[in-house]
Amino acid sequence: MLEATLATARDVMSRDVVIVTPDTPLRTLLRIMSERRISGLPVVDQSGRIVGMVSASDLFRWRDGLEARQEHWLDQLGEGLDAPPAFVDWIQAQHETVRAAMTTGEIATVTEDTPAREIAALMTRRGIQRVPVLRDERIVGIVARSDLIGLLARTLDARAAEQAAAEAAQLLPAAERA
């Protein structure tokens with residue numbers, strides 16, 4: 001359906017983009033996500049360049065990357081046993097920030113001129129829920145699947161209105177002949 005639209009990222013993106021840094025505390029991230037009702041957001045470095053994404057899915061599986069010994073101690077903590085103070089300090093230092101959960105590597109991004117249909121294809125191909133929109137390597141917006149759903153709804157509404165107008169135009173001459 002989006003193939004027929006000429007819309008671009010600029011037309012559908014949210015411009016009020018919430019960002020975090022790798023050093024943002026996870027508690028702050030969770031509060032932001034809860035208050036803003038968002039399920040993911042870009043992670044930027046000190047210069048504002050994107051270095052990753054963090055999502056609810058990342059938070060649910062952040063523990064997967066732990067070494068067996070670290071996971072063992074977390075299990076012990078979960079059972080109410082004490083952990084060595086050095087391990088607790090390490091956990092607090094390493095696993096209480098966005099850095100512990102964020103996705104890094106090749107982050108999918110688009111420009112403001114990227115057609116909406118290409119964004120939809122990218123999201124489907126990569127299995128992602130949102131794509132940052134960049135201008136000169138800086139985030140200027142974000143397109144979420146919900147933005148594309150809204151575009152699809154507007155496109156279908158416009159098409160239905162055009163069809164109704166065409167049908168009314170065909171009926172008008174017949175009514176005038178009667």
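Please refer to the structure placed before this passage.
Cut-off values and rules
Residues numbered from 1 in each chain as written. Predicted model: local features only at pLDDT ≥ 70, side-chain atom pairs only at ≥ 80, totals over all residues. Heavy atoms only, no water. Salt bridge = Lys/Arg side-chain N within 4 Å of Asp/Glu carboxyl O. Helix = DSSP H or I, 4+ residues; strand = E, 2+ residues; numbered from the N terminus. Buried < 20%, exposed > 50% of the residue type's maximum accessible area, 1.4 Å probe, protein only. Arc of directions from axis to C-beta.

Here we take up the pattern of salt bridges. The full count for this structure, using the stated rule, is 6 salt bridges. Note that D16 is salt-bridged to R36, the shortest N-O span being 2.7 Å. Placement of the pair is D16 in the loop between α1 (9-12) and α2 (26-36) and R36 in helix α2, with a sequence separation of 20 residues. Note on R36: relative accessible area 41%, which makes it partly exposed. Between E137 and R49 there is a salt bridge, and its shortest N-O distance comes to 2.7 Å. One end of the pair, E137, is in the loop between β4 (130-135) and β5 (138-144); the other, R49, is in the loop between β1 (40-44) and β2 (50-55), and 88 residues separate them in sequence.

Along α2, the residues that are buried comprise L26, L29, I32 and M33. Take α2 and look down its axis: the buried residues cluster within an arc of 120°, on one side only. In α2, the exposed residues that point more than 90 degrees away from the buried face are R27, S34 and E35. Looking one or two residues past α2, R37 carries a phi angle of roughly 55°, positive in sign.

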